[in-house]
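Chain by chain, the residues run as shown.
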Amino acid sequence: MIPEIGEFSLILSLCLSALLAFIPLYGTIISNQLWMNYAKPLVNGQFLFLSISLICLGYSFTVDDFSVAYVANNSNSQLPIQFKISAIWGGHEGSLLLWAFILSGWTLAVSIFSRALPLDMLARVLAVMGMIAVGFIAFLLFTSSPFSRYLPQFPADGKDLNPLLQDFGLIVHPPMLYMGYVGFSVAFSFAIAALLSGRLDASWARWSRPWTNIAWAFLGGGITLGSWWAYYELGWGGWWFWDPVENASLMPWLVGTALVHSLAATEKRGVFKSWTVLLAIFAFSLSLLGTFLVRSGVLTSVHAFASDPERGLFILVLLCLSIGGSLTLYAFKAPNVKSDAQFSTTSREALILINNVFLTVMAMTVLLGTLYPLLLDALGGGKISVGPPYFNAVFVPIMGLMTLAMGASMAFRWRQTSPLAIVKILWKPLLISLIIGLIFPFIYGDGFEFSVFIGISLSCWVISTMSLEFIGKFQHSKSYWERLTKLSFSYYGMILAHLGIVVVAIGITLVSVYSQERDMRMEKGDKVELAGYIFEFRGTKIVKGANYSADQGTLLVTKDGELIAELNPEKRRYTVKRSMMTEADIDPNLWRDLYVALGEPLDKEGNAWAVRIQYKPFVRWLWLGGLLMTLGGLLTVADKRYRKN
Amino acid sequence: MTPKRKKRLIIILALVFGSSTAIGLTLFALNQNINFFYSASQITNGDAPKNIRMRAGGMVVEGSVERSTESLQVSFKLTDYANQVKVVFTGILPDLFREGQGIIAQGKLDANGIFQADEVLAKHDENYMPPEIAETMKKKIEVAQ
């Protein structure tokens, strides 16, 4: 009964979304307030029924209703309760339901927090979001309903959730990522609404900015969580694989970052108006493309689900309709937009332009590398894959140049800055960072290392120019405290996010250069030395969990005779799926991680094991930086000027 | 040419030059780093080049996995149900590596026709078959019929 209620609510929400896509928009055409006012109740209804649908699915999971095919395929009576809940988004159907639910959540938020918006504008925005909802709910209902029953005979117990997904990281990673993906639909809808109305002015940018910032913050947070999860659960200590699905989340983030910056310029100075609209369209289109890549199984990827081509086709059609439709609209309306503001080549606007060029180029190179195998295969060029060296070769240098510009941008003012003033501000930080970059590899490592020199210099460069700018704010004020509280939340958010980039850059540089790793055969009593730490293998014992049993190894880590940590990596056998899972154990701190994972037993008695031991300096900085960026993005939204009206 | 047009021409030329360099370098990097996929039959027939990084895929032959007692070296055979190719790998195999499972090995083919893998990939989902393998399998079955 409950799954049928879920299905029925889903159908109702589809009907409401269809009305939402049509009625308010028609209201704006015939200028009828009543029709436009229908948008809000429709949004409420859509959210209500999607919530009911999601709760029904959650209920089916908690009561182990294995007559529901999706529950039977992704859960088991032995599964701990928190994983039964997160199993809702553990598979294809449920994660799409989550997608649709989050979309309606964003729509509801827009309808609640946009009181300042003119009625017709709000009606257009909500209608566009209604259209997206129609596409996705229809996709759910027609190709992948999570409520289909196993009939006539259903299994006595479920097939269990994929062991890789039975983890805290997977409880939080997908919802966070989807909040970001789907969040760009708001920026997209604002852009389309602005195009429809022909009013592309600074106020449009002001309305859409906080939404874009939140979406960007969530997407960054989601990517960070994904990287962290892959590090300890899946990747044998790797944190980024240039996997197509990772790329699919990185591309909208890159374009979203460009969008966040160009929106700032549009709001403050009225420049790049049509470019900003185009970026908003691209950010969401890339989110859709990401969904397509993950769901259609066209690419070889660790995330690929076994799925049928019909689904892929449906999303492809959806993708073509939304991208084609919005670009056509753009082609007709954008030429009417005039940017009247002027700026010189030595202005903050110019630097934001450079930032945008770099970010879009990065997104394009990632797109090229991700889709090239598909393209070549379609042209009959054979089956290929593009390896990480390609991405590193093109991505890292551009990232470096962008960081250079990021540091310099602190010396630039809006409109016009005299080149002499810029040089005067910047020469000292430049010199200091070059010196620190030069010395650092000698102190931390064994000798000169070019990539460390570049990475550390760039990081110091950004930190020092940013600090100079920050201190400059205090020059003419008597009370520091007063000045500190007077600076806007947007400003602090910007500082925090830029600092996040620096922290990530330091992390990437040091972990790439100074990591040490050994795979070896170890028997009880064997000792091995890595990066000054001694690892002693003390053998394994059998332990039991709720739905698995495991060989748990013990390794004692000592340094200079002192015990640092006892690590207990596990090799788990999940009884229902009969699959093996490696559970690494990590001794983390801010400066280094000691990472130990058990491979497989190498003899019948289980005395000798394949063991991987890793020393990962500064690896935590990667996720710390991601966290700082997320916090920065969220902080900007708390700014006073968005709360006025 | 008016000075304004001249300025525009310079900007356009700079743009064309800059973007074509960027595209050229990107394509160069791409061509250096693509790995072609070969099936077991293509390798045994000699269609695959020697000593070039590539991917080989197929099913792990039941009973073919042999471990060294001294090191982490392991060898196994890959099949596309027509021909078999021997793969040697030193390191830790992924959790989903099993006999009878579809996998992809990345590495080079040596002079003796043995595939020296430096990476072995198996997937999240045990029902999932990499598209490359699925397709070669389908062809084999069609030919057999």
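Residues numbered from 1 in each chain as written. Chains lettered and ligands numbered in written order. Predicted model: local features only at pLDDT ≥ 70, side-chain atom pairs only at ≥ 80, totals over all residues. Heavy atoms only, no water.

K.L.:
Lay out the overall build of chain B with the relevant residues and their values.
P.N.:
Broken down by element type, chain B carries three helices and seven strands. Taken from the N to the C terminus, the helices and strands of chain B come in the order α-β-α-β-β-β-β-β-β-α. Looking at chain B as a whole, 43% of its 145 residues qualify as buried. For chain B, the share of sequence-separated contacts (at least 6 apart) that also reach a separation of at least 24 residues comes to 53%. With the model as given, the accessible surface of chain B reaches about 8200 Å², and the carbon-plus-sulfur share is 55%. (Helix = DSSP H or I, 4+ residues; strand = E, 2+ residues; numbered from the N terminus. Buried < 20%, exposed > 50% of the residue type's maximum accessible area, 1.4 Å probe, protein only. Contact = heavy atoms within 4.5 Å. Areas by Shrake-Rupley, 256 points an atom, 1.4 Å probe, with all protein chains shown as cover.)

K.L.:
Explain the domain arrangement of chain A to me, using residue names and the numbers behind them.
P.N.:
Residue and element names in this part refer to chain A. Assigned domains of chain A: these are domain 1 (1-166) and domain 2 (516-618). For domain 1 versus domain 2, the separation of C-alpha centres amounts to 42 Å. At the interface, 12 residues of domain 1 touch seven residues of domain 2. Looking at the side of domain 1 facing domain 2, the largest losses of area belong to Q78, D160 and P163, adding up to 56% of the total buried there. Between domain 1 and domain 2 we count zero salt bridges in total. (Domains from an automatic or database assignment. Buried area = accessible area lost by both parts, 1.4 Å probe. Salt bridge = Lys/Arg side-chain N within 4 Å of Asp/Glu carboxyl O.)

K.L.:
Quick one: what's the story with empty space enclosed by the protein, residue by residue and with numbers?
P.N.:
Under the criterion given, the structure shown has two cavities of 30 Å³ or more. Here the second largest cavity defines a volume of roughly 40 Å³. The wall of the second largest cavity is formed by A:E600, A:L602, A:A610, B:R67, B:S68, B:S71, B:L72, B:Q73, B:V74 and B:G91. When grouped by side-chain class, the residues that make up the lining of the second largest cavity number four nonpolar, four polar and two charged. (1 Å grid on protein atoms, 1.4 Å probe; cavity = no way out; pocket = protein on both sides within 12 Å on 5 of 7 lines; lining within 4 Å. Points joined across faces, edges and corners; volume = space filled by probe spheres on them. Nonpolar A, V, L, I, M, F, W, Y, C, P; charged D, E, K, R; others polar.)

K.L.:
Kindly report on helix α8 (residues 168-197) of chain A, identifying the contributing residues and their values.
P.N.:
Because each turn of an α-helix spans 3.6 residues, side chains separated by three or four positions in sequence point in the same direction. All names here are of chain A. Helix length check: α8 (30 residues) gives 45 Å between terminal C-alpha atoms against 44 Å at 1.5 Å per residue, within 8%. Along α8, 23 of the 30 residues are buried, which leaves the element largely enclosed by surrounding structure. Between a side-chain oxygen at the N-terminus of α8 and the backbone nitrogen of G169 the separation is 2.7 Å; the capping residue is D167. Of the residues flanking the end of α8, it is G198, one or two places downstream, whose phi is positive at about 75°. (Expected span 1.5 Å × (residues − 1). Polar contact = N/O pair within 3.5 Å; in protein donor to acceptor, adjacent residues only side chain to side chain.)

K.L.:
Which residues make up the nonpolar core, and what values do they have?
P.N.:
Core analysis: the biggest nonpolar cluster contains 183 residues, and A:W99, A:W106, A:W204, A:W253 and A:L254 have the highest contact counts within it. Residue contacts for A:W253: discarding those within four places in its chain leaves A:W216, A:L219, A:G220, A:I223, A:I501 and A:M629. Grouped together as the second largest cluster of nonpolar side chains are 23 residues, B:M54, B:A56, B:I103 and B:A122 included. (Core = buried A, V, L, I, M, F, W, Y, C linked by side-chain atoms within 4.5 Å.)

K.L.:
How would you explain the state of the cysteines if you had to name every residue and give the values?
P.N.:
Taken as a whole and assessed by the stated rule, the structure comprises zero disulfides over all chains. Of the cysteine sulfurs around A:C56, a residue in no disulfide, the closest is that of A:C15, at 16 Å. (Disulfide = S-S within 2.5 Å.)

K.L.:
Describe the sheet that holds strand β11 (residues 609-617) of chain A, listing the residues and the values that go with them.
P.N.:
Residues and elements named next belong to chain A. Across the sheet, which stays open at both edges, the four strands sit in the order β2-β11-β10-β9 with antiparallel pairing between neighbours. Both outer strands of the open sheet, β2 (516-522) and β9 (585-588), are each paired with one neighbouring strand and no more. Adjacent strand axes in the sheet meet at a mean angle of 15°, parallel and antiparallel pairs treated alike. In this fold helix α18 (residues 489-514) packs onto β2 and β11, with an angle of close to 135° to the strand it touches most, β11. (Pairing = 2+ DSSP bridges. Axes fitted to C-alpha atoms, helices over the stretch in contact; angles between N-to-C directions.)

K.L.:
I'd like a description of the confidence of the model for chain B, backed by residues and values.
P.N.:
All names here are of chain B. Of the residues in chain B, 83% reach a pLDDT of 70 or more, and the chain-wide mean stands at 80. Per-element confidence in chain B is highest for strand β5 (residues 84-90), whose mean pLDDT is 91, and lowest for helix α3 (residues 131-144), whose mean pLDDT is 64. Interface confidence in the predicted complex, given as ipTM, is 0.77; pTM for the same model is 0.91. (pLDDT = per-residue confidence, 0-100.)

K.L.:
Kindly report on the packing of aromatic side chains, identifying the contributing residues and their values.
P.N.:
By convention here, two paired aromatic rings are described through the distance between centres and the angle between planes. Residue and element names in this part refer to chain A. Taken as a whole, this structure holds 33 aromatic pairs over all chains when the rule is applied. Ring pairs connect the aromatic residues F440, Y444, Y514, W591, F618 and W621, which therefore count as one cluster. When the ring centre of W414 is taken as reference, the NZ or CZ atom of R348 above it lies at 5.4 Å. It is K559 that lies over the ring of Y533; its NZ or CZ is 4.7 Å from the centre. (Phe/Tyr/Trp six-rings, centres within 6.5 Å; stacked < 30°, edge-to-face > 60°. Lys NZ or Arg CZ within 6 Å of the ring centre and 35° of its normal.)

K.L.:
Go over the layout of surface pockets, please, and point to the residues and values.
P.N.:
Residues and elements named next belong to chain A. Counted as a void, the second largest pocket has a volume near 970 Å³. Lining of the second largest pocket is provided by 37 residues; of these, R209, H261, A264, M494 and H498 occupy positions nearest its centre. The element best represented in the lining of the second largest pocket is α18, accounting for seven residues.

K.L.:
How would you sum up the pattern of salt bridges? Please name residues and give values.
P.N.:
Residues and elements named next belong to chain A. Enumeration according to the criterion identifies 20 salt bridges over all chains in this entry. When the shortest N-O distance is used, the salt bridge between R612 and E517 registers 3.9 Å. With R612 in strand β11 and E517 in strand β2, this residue pair connects regions lying 95 residues apart in the sequence. Classification of E517 by relative accessible area gives partly exposed; the value is 46%. Overlapping salt bridges bring together E4, D65 and R149 as one network.

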